[in-house]
Amino acid sequence: MELKTPPNEKKSPLLEIGRVVSIKGLQRNNLPYIFIWIIYYAWVVSFATWWTASPLTENVFSTELRSLLHTIILVSSGIFIFIIRKEWFVKTARIGAALVIMGIGLFLIAPNPQIELICAVIIGIALGIINTSILIPFVFTLNNTEKLYAVVGSNVLIGLISLFQEGNDGSYLQHSGDLLLACIMLAIALCATLFFKKDSLPVDSDTLGIDTPTFQARIYLTLFFNCVLAVLCKGVGKGLLNIAASASEYPILIWHYLGGLIGCMAYFSIYAFSKRSFIWLGNITFGSFAMGLFCNTFAVQIPELAVAFAFLLGIGSSVGMINMYYIIGVVGKKYNSMRYIRLSIFFIGICGGVTGIVLGNFIHSRNTFEVSMIASVVSVAVMLLFIMLSAVVSQSQYYDDWAKDSEKTEIDNEQLHMFKKYHLSKREIEVCKLLLQGYTMRQISGILSIAYSTVNTYCTSIYRKLEINSKTELFLLFKDYSMK
């Protein structure tokens, strides 16, 4: 029998690099994890964090309560990421969802501020549990295309909700309307936990006998950059933005969220049409923020520059936050590293996020020209330093495998292109790899914890797609993989 293999078509570099944005990379069985990331993450940022707390309008939680709630969420996430194991994510997500619903219900009927405060603490802890639980499938289950759509989609939704909340001087949604929208969104998001499945996590590389790529120490530089980004963009930048919004005659917050939407479009476009996307996105983040703070320095003399500051801050913050979570997902899956994930949440959440909230609130509470000027000048100096260093750092990081993999639909640790071109599913690829390593169907059943009959069904499907009839032909077809 003559084996048929697809022709080796030459693709243009543009298509090869930009394939991560192809909607064909979305898999139906992973939709619950994409859905909850978009809806739930947008809910948390829009309704429960200090980052979007408006100095001009009151939403579900007051500005002061959101600051406390946000801090508890970050600390709780930073703690639970060290406690929760990967295989617990289904159970812990549902427990967290139940606690959030209970906490919200008690908060709505709380008879006094003291009880409201206790309920807010419960809600914050529960949200930390959910944050950790949905991060696990985001990193280890979703492919890069799904990650990209999840993080960009959530930030687009955050921008739209925030524009709606701030539009027409905050009169589009009164407190009751904002509360109703928040409850509906949260209920819809948490329903996705009912479709979580433990077996959606891929089998660990150790179980399959696969060595993960070498984890270079310089990869930890991403943690440092992310921490600084959280402190400056979401902390100091937010404090200065609140001052500008309170003092300016222009709709500063509207321009900020419009900048955020432009940042989402820029992020998606760069991965679609540009080479070395990671370097471009880093420069946009730092450059936009530095230019925004430069404009803010002269906003007193030229009020129109406050609009430019808000717009540029929106672009830089949006691109930075999207890139932060996307790279966490890529690196975590590439190296199958829970250690990197734990350190990421610790640095971003506790070191970066909490510090940013404290500094931002301090700047806003002082609300003086001198404080704004000092914060702007210092931040611009720091950001310019990072811009000068980022070219060298990004260049070295780009030659790491994870940076190249960030532009592909799937992490290519095990020559996945050999299997993907035959349109094998994720589970079929796992079975095929084990067959090529010499395991019997009975052994594969035990390794993957699935029934023997199910393994037999997968093998039948694999042979049909490959147009072969025996294991010998399978070894011949993938001799390059077998010899690796």
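Residues numbered from 1 in each chain as written. Predicted model: local features only at pLDDT ≥ 70, side-chain atom pairs only at ≥ 80, totals over all residues. Heavy atoms only, no water.

Caption draft 1: A look at the pattern of salt bridges. In this structure the tally under the stated criterion is 3 salt bridges. R85 is paired through a salt bridge with E87; the nearest N and O atoms lie 2.8 Å apart. A relative accessible area of 30% means that E87 is categorised as partly exposed. For E430, the salt bridge is made with R427, and the minimal N-O distance between the two is 2.7 Å. With E430 and R427 both in helix α17 (residues 426–436), this residue pair falls 3 residues apart, about one helical turn. Each member of the pair, E430 as well as R427, carries the same accessibility label: buried. (Salt bridge = Lys/Arg side-chain N within 4 Å of Asp/Glu carboxyl O. Buried < 20%, exposed > 50% of the residue type's maximum accessible area, 1.4 Å probe, protein only. Helix = DSSP H or I, 4+ residues; strand = E, 2+ residues; numbered from the N terminus.)

Caption draft 2: Region of interest: a nonpolar patch on the surface. Together, V75, I79, F82, I83 and W88 line one region of the surface with nonpolar side chains, adding up to about 450 Å² of accessible area. By the element assignment, I79 lies in helix α3 (residues 63–80). (Patch = residues over 30% accessible without salt bridge, like charges linked within 9 Å, V, L, I, M, F, W, Y side chains within 5 Å. Areas by Shrake-Rupley, 256 points an atom, 1.4 Å probe, with all protein chains shown as cover.)

Caption draft 3: Quick look at the side chain of Q27. For Q27, the location among the structural elements is in the loop between α1 (13–18) and α2 (31–47). Excluding its chain neighbours within four sequence positions, the residues that come into contact with Q27 are N143, E146 and K426. (Contact = heavy atoms within 4.5 Å.)

Caption draft 4: View of the packing of α17 against helix α19 (residues 452–466). Where α17 contacts α19, the axes come no closer than 10 Å and their chain directions differ by 90°. Between α17 and α19, the angle falls in the class roughly perpendicular. In this structure, α17 uses R427, E428, V431, C432 and L435 to contact α19, whose residues at the interface are Y458, C459, S461, I462 and K465. Residue composition of the contact of α17 with α19, by class: 6 nonpolar, 1 polar and 3 charged. (Axes fitted to C-alpha atoms, helices over the stretch in contact; angles between N-to-C directions. Parallel < 35°, antiparallel > 145°, perpendicular 65-115°, else oblique. Nonpolar A, V, L, I, M, F, W, Y, C, P; charged D, E, K, R; others polar.)

Caption draft 5: Inspection of α3 at higher detail. Its 18 residues give α3 an end-to-end C-alpha distance of 25 Å, which sits within 8% of 26 Å, the value for a rise of 1.5 Å per residue. The inward-facing, buried residues of α3 contact α2, α4 (89–109), α5 (113–140) and α13 (338–366). (Expected span 1.5 Å × (residues − 1).)

Caption draft 6: Broad picture of the environment of I101. Residue placement: I101 occurs in helix α4. Here I101 falls in the exposed class, since its relative accessible area comes to 53%. Placed 22 residues apart in sequence, I101 and I123 show a C-alpha to C-alpha distance of 8.3 Å.

Caption draft 7: How the structure looks around helix α9 (residues 221–247). Compared with the 39 Å implied by 1.5 Å per residue over 27 residues, the 38 Å span of α9 between its first and last C-alpha is a close match. Of all bends in α9, the biggest is about 35°, found at K238. Counted residue by residue, α9 has 23 buried out of 27 residues, so it is predominantly covered. (Bend = angle between axes of the 7 residues up to and from the residue.)

Caption draft 8: Summary view of the packing of α9 against α13. For the pair α9 and α13, interaxial distance at closest approach is 8 Å and the crossing angle is 25°. Put simply, α9 runs roughly parallel to α13. Between α9 and α13 the crossing geometry is right-handed. Here the residues of the contact of α9 with α13 sort into 14 nonpolar, 13 polar and no charged. (Left-handed = near helix turned anticlockwise from the far one by under 90°.)

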